[in-house]
Amino acid sequence: MKKLIYILVMLPVLLTACIEDSISTSPADQPTFSVDTLDLGTLFTTQSSPTYAFTVHNRHDKVMSISDIAMRDGGVFRVNVDGVAGTRFSNVEIRPNDSIYIFVEATLPEAGQALPVAVEDHLDFVTNGVTRSVVITATGQDVKRLQGLVVDHDMTLDASLPYQIFDSLVVRAGATLTLAEGVKLHFHDKALLSVDGTLRSLGTVERPVEMMGDRMDNVVGSTSFDLMASQWQGVVFNPGSRDNYLQHTWIRNTVGGVLVDSLGVTDTPGLTMVNCRLRNSATYALTSIHSTIDATGCEIADAAAGAVGLVGGRYSFNYCTFANYYLFAALGGPTVTMEYVMSDEADDSGLPLMQAVFSNSIIYDGLGRDDLSYGDLTGSAVTFNRCLLKSAGTDDDNFINCIWDTDPLFYTVRNEYLFDYRLQPESPAIEAADPAFPLSAAAEVDWYGIPRALTIGAYQYVAPE
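As the structure is a computational prediction, the values presented were derived from the model and not from experiment.

### Description of the overall build of the chain
Broken down by element type, the chain carries one helix and 40 strands. Its C-alpha atoms give the chain a radius of gyration of 29 Å, clearly above 23 Å, the size a compact globule of 465 residues would have. Taking the principal axes of its C-alpha atoms as reference, the chain extends roughly 95 × 55 × 50 Å. Out of the 465 residues in the chain, the part that is buried amounts to 50%. Carbon and sulfur atoms make up 53% of the accessible area of the chain, which totals about 20800 Å². Here the chain contributes 28 positively and 57 negatively charged side chains, and the mean placements of these two sets differ by 9 Å.

### Digging into the nonpolar core
Ranked by size, the top nonpolar core spans 60 residues in total, and within it Phe358 and Phe384 carry the most contacts. The greatest single-element share of this core, amounting to three residues, is contributed by strand E32 (residues 306-311). In this view, phenylalanine 384 contacts Met338, Phe358, Ile363, Leu372, Leu377, Asn398, Phe399, Ile400 and Cys402; residues no more than four positions away in its chain are not counted. Grouped together as the second largest cluster of nonpolar side chains are 27 residues, Leu40, Ile69, Val79 and Ala106 included.

### So, the packing of aromatic side chains
Taken as a whole and assessed by the stated rule, the structure comprises 16 aromatic pairs. Consider the rings of phenylalanine 358 and phenylalanine 384, whose centres lie 4.6 Å apart with planes at 10°: the pair is stacked. Of this pair, phenylalanine 358 sits in strand E36 (residues 355-359) while phenylalanine 384 is found in strand E38 (residues 381-385), placing the two residues 26 residues apart along the sequence. In this pair, the class of phenylalanine 358 matches that of phenylalanine 384, namely buried. Their ring planes at 5° and their centres at 5.0 Å tell us that phenylalanine 384 and phenylalanine 399 sit as a pair that is stacked.

### Re a negative patch on the surface
On the surface, a cluster of negative charge is contributed by Asp376, Asp395, Asp396 and Asp397. Its location among the elements puts aspartate 396 in the loop between strand E39 (388-389) and strand E40 (399-400).

### Considering the sheet that holds strand E28 (residues 277-281)
An order of E11-E14-E17-E20-E25-E28-E31-E34-E37-E39 is seen for the 10 strands of this open sheet, with the pairing classed as parallel. The open sheet terminates on both sides in strands that have one partner only, identified here as strand E11 (144-147) and E39.

### Considering the pairing of strand E17 (residues 184-187)
Two elements, strand E14 (residues 163-166) and E17, share three bridges in a ladder whose sense is parallel. Bridge assignment links isoleucine 165 to a residue of E17, and that residue is phenylalanine 187.

### So, the pattern of salt bridges
Within the structure shown, the criterion is met by 13 salt bridges. For glutamate 105, the salt bridge identified is with arginine 78, shortest N-O distance 3.3 Å. Linking glutamate 105 in strand E8 (residues 98-106) with arginine 78 in strand E5 (residues 77-81), this pair joins segments that are 27 residues apart in sequence. One network of salt bridges, in which partners are shared, links Lys184, Glu210, Asp226 and Arg252.

### A short note on the confidence of the model for the chain
Chain-level statistics for the chain give a pLDDT mean of 91 and a share of 92% at 70 or above. The low-confidence segment residues 1-20 (pLDDT under 50) makes four contacts with residues lying over four places distant or belonging to another chain.

### A few points about the state of the cysteines
Per the counting criterion, the structure on display carries zero disulfides. Left without a disulfide partner, cysteine 387 is nearest to the cysteine sulfur of cysteine 402, which lies 5.1 Å away. Cysteine 387 sits in the buried class, given a relative accessible area of 0%.

### Concerning unusual backbone geometry
Look at aspartate 167: it is not a glycine, yet its phi comes out positive at around 60°. Inspection of the secondary structure assignment puts aspartate 167 in the loop between E14 and strand E15 (168-171). Phi is positive for histidine 248, close to 45°, though the residue is something other than glycine. Within the secondary structure, histidine 248 sits in the loop between strand E24 (244-247) and strand E25 (249-254).

### Focus: the sheet that holds strand E6 (residues 84-86)
Within the open sheet, the five strands sit side by side as E1-E3-E8-E5-E6. Their pairing is antiparallel. Only two strands of the sheet have a single partner each, and these edge strands are strand E1 (32-33) and E6. The pairing of E5 with E8 spans five bridges and is antiparallel. By the bridge assignment, valine 79 is partnered in E8 with valine 104.

### Quick word on the pairing of strand E26 (residues 258-261)
Across the two faces of E26 the burial differs, with Val258 and Val260 buried and Leu259 and Asp261 not buried at all. By the bridge criterion, three bridges tie strand E23 (residues 234-237) to E26 in an arrangement that is parallel. Paired with valine 236 across the bridge in E26 is leucine 259. In terms of strand pairing, E26 meets strand E29 (residues 284-289) through four bridges, oriented parallel. Looking at E29, one finds that aspartate 261 is bridged to isoleucine 289.

### So, the environment of valine 258
Structurally, valine 258 can be placed in strand E26. Setting aside chain neighbours within four positions, we find valine 258 in contact with Val235, Phe237, Ile251, Leu271, Leu278, Ala285, Leu286 and Thr287.

What counts as what
- Residues numbered from 1 in each chain as written.
- Predicted model: local features only at pLDDT ≥ 70, side-chain atom pairs only at ≥ 80, totals over all residues.
- Heavy atoms only, no water.
- Helix = DSSP H or I, 4+ residues; strand = E, 2+ residues; numbered from the N terminus.
- Rg over C-alpha atoms; globule rule 2.2 N^0.38 Å.
- Buried < 20%, exposed > 50% of the residue type's maximum accessible area, 1.4 Å probe, protein only.
- Areas by Shrake-Rupley, 256 points an atom, 1.4 Å probe, with all protein chains shown as cover.
- Lys, Arg positive; Asp, Glu negative; His and termini not counted.
- Charge placed at Lys NZ, Arg CZ, Asp CG, Glu CD.
- Core = buried A, V, L, I, M, F, W, Y, C linked by side-chain atoms within 4.5 Å.
- Contact = heavy atoms within 4.5 Å.
- Phe/Tyr/Trp six-rings, centres within 6.5 Å; stacked < 30°, edge-to-face > 60°.
- Patch = residues over 30% accessible without salt bridge, like charges linked within 9 Å, V, L, I, M, F, W, Y side chains within 5 Å.
- Salt bridge = Lys/Arg side-chain N within 4 Å of Asp/Glu carboxyl O.
- Pairing = 2+ DSSP bridges.
- pLDDT = per-residue confidence, 0-100.
- Disulfide = S-S within 2.5 Å.

Right, here's the structure in full:
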């Protein structure tokens, strides 16, 4: 009797399975795709791309047999259907209300030109006599590859093609590396720019110099690797380096940002920055240890440890924006951290105590942390002149004519992955700067080429049309 009951219970299940497994022949039963277009992004030519994927769904109650899957034109794109590589696939079955993965890679040929070249093909799916397609696109960029380059004499890199840097790019003592306007340096994983001599980066409004990782595709969906830190090590100015100058230079996607390491406290800055952007670092975007830095019109933003970390040294920051809306980790500290600032405390290093002037600058944390590190500045040589601060406080000998406890009203919207540190029309930083702090000729316009006219922060406000 128990066996009879068992058979009666299982029989409908078996019958249902047979019905579900029948293969549809109706032209109306077609697969659906997770994307209409699969864009592999910008790829360096002759180099294999990462693997991209999309899904093919059977949303019907019968088995779907795709009689043919193939690239329409063939060529640069490689296809893998649910784990099987090939150029053409026949009679690929998808069970009812199930799906399969399609994987795509590419190696684009050299284009023989400086401008990127777009490539497009179609992956065709023929099902019950009907053809449906997914567009596959990529953009190929020719590139010069530098492997472990050591600059031991004066050298200039031009902008005829982007550069892909493997291992490290090292500037020896006594040598100067000049980056002409428009140069793009793409650093591979763990690569480093190490400067013992001198670096001169001469970007312009129209053609800035850019240093970034070598992944130019998307992490997921439309989220670009351009937002991701830790793609390469960063830039290190080592002890003995001198007279470094960065103008209209954008450094991003690093582990360590820019490190200025013990260049000395001198009348001549070890590093001068004009209209630069330092963004997206897994530690600080800018770290300086007992060095001299002069920065004007710079945006220093979005880093896990804090935008800036200063130990000793002599600093001038004028018309700068220090902001932190870092995306991919909990923040470790204030936007600006300072150590060794008290003139009446012993400093075991024996080096000069910190001297710093922040003027016409915005210091703001957008994630609930402090803008400035804790500590009483009374008696120190650190002053904030006409700065907009997140902190609530009052003016004194170290804070002069500051705007306290105020949101600068950036256009940044973190949860939409928009990081734009220009100012909205209602910003209290507009028309609020102190013109007494002089500008060099190069800093009379901002990153976008707009003449400066009393807007606090890195970017001059321009009323929207």
